[in-house]
Amino acid sequence: METLTARGRAYRVLATLVAGALLLVGTFWGQDDHFPFGPFRMYSTSNPPDQPAPDTRVEAVGTDGSVVVLSERNSGIRRAEIEGQQARYTDDPALLAEIAQAYAQRNPSQPALVEVRIVVRWHGIVDGRPTRTYVDETVVRWQAS
């Protein structure tokens, strides 16, 4: 077994100090995008015990009037991607047209989509327990012209 040279040890110590500094800075001032050096807030926070819990979904309306829930399987786009970029979709609803295009490419035999919307279902919570009630809120909508 070879021993580490002084230069090799110095590089390892420097790399350890840099990684430690990045973790420390990211812990206090980082955002989810800085992961793994920033906090992954999805798992480090919780809602108050009486605040409704959000459940986001993407749904669409076909030319025949049918409502389709869009998923990774039928559109190729994961729900987490939608949730992570929800502010972008709210600012520019035309971006939802890309989801309609992705659906059309994966489902050529299905009716074209004339509307795509992001809907948040707010599940009622009281004392940390579900109430089995909910309210749907359409947060952004795109309609084909």
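Examining the overall build of the protein chain
Part 1: On a plain count of helices and strands, the protein chain comes out with five helices and four strands.
Part 2: For the protein chain, the sequential pattern of α-helices and β-strands runs α-β-β-α-α-α-α-β-β.
Part 3: Taken along its principal axes, the extent of the C-alpha atoms in the protein chain is 70 × 45 × 30 Å.
Part 4: With 145 residues in all, the protein chain has 27% of them scored as buried.
Part 5: Taking as baseline every contact in the protein chain between residues at least 6 positions apart, the subset at least 24 positions apart corresponds to 57%.
Part 6: Surface exposure of the protein chain reaches about 10,600 Å², of which carbon and sulfur atoms provide 55%.
Part 7: Distance between charge centroids for the protein chain: 8 Å, based on 15 positive and 17 negative side chains.

Observations concerning unusual backbone geometry
Part 1: For Asp 127, which is not a glycine, the phi torsion comes out positive at approximately 55 degrees.
Part 2: Positionally, Asp 127 belongs in the loop between β3 (113-126) and β4 (129-143).
Part 3: The class of Asp 127 is exposed, set by a relative accessible area of 62%.
Part 4: Phi is positive for Arg 132, close to 65 degrees, though the residue is something other than glycine.
Part 5: With respect to the helices, strands and loops of the structure, Arg 132 is situated in strand β4.

A few points about the nonpolar core
Part 1: Residues Leu 70, Tyr 89, Leu 96, Ile 99 and Val 116 are the most contacted members of the largest nonpolar core, which totals 19 residues.
Part 2: Among the elements of the structure, β1 (53-62), β2 (67-70), α5 (96-106), β3 and β4 are those that each provide at least two residues to this core.
Part 3: The leading source of residues in this core is α5, at six residues.
Part 4: Those residues within four positions of Ile 99 in sequence are excluded, and the remaining contacts are Leu 70, Ile 77, Ile 82, Tyr 89 and Val 116.

A closer look at the pairing of β2
Part 1: Here β2 shows one buried face, formed by Val 68 and Leu 70, and one open face, formed by Val 67 and Val 69.
Part 2: Sheet topology note: the β1/β2 ladder contains four bridges and is antiparallel. Across the sheet, residue Val 61 finds its bridge partner in β2, namely Val 67.
Part 3: Taken together, β1 and the strand that follows it, β2, pair antiparallel across an intervening segment of four residues, in which Gly 65 is found at a positive phi of about 90 degrees.

Considerations on α5
Part 1: Of the residues making up α5, those classed as buried are Leu 96, Ala 97, Ile 99, Ala 100, Ala 102 and Tyr 103.
Part 2: Of the surrounding elements, those touching the buried residues of α5 are β2, α2 (72-75), α3 (79-84), α4 (86-91), β3 and β4.

Conventions we followed
Residues numbered from 1 in each chain as written. Predicted model: local features only at pLDDT ≥ 70, side-chain atom pairs only at ≥ 80, totals over all residues. Heavy atoms only, no water. Helix = DSSP H or I, 4+ residues; strand = E, 2+ residues; numbered from the N terminus. Buried < 20%, exposed > 50% of the residue type's maximum accessible area, 1.4 Å probe, protein only. Contact = heavy atoms within 4.5 Å. Areas by Shrake-Rupley, 256 points an atom, 1.4 Å probe, with all protein chains shown as cover. Lys, Arg positive; Asp, Glu negative; His and termini not counted. Charge placed at Lys NZ, Arg CZ, Asp CG, Glu CD. Core = buried A, V, L, I, M, F, W, Y, C linked by side-chain atoms within 4.5 Å. Pairing = 2+ DSSP bridges.

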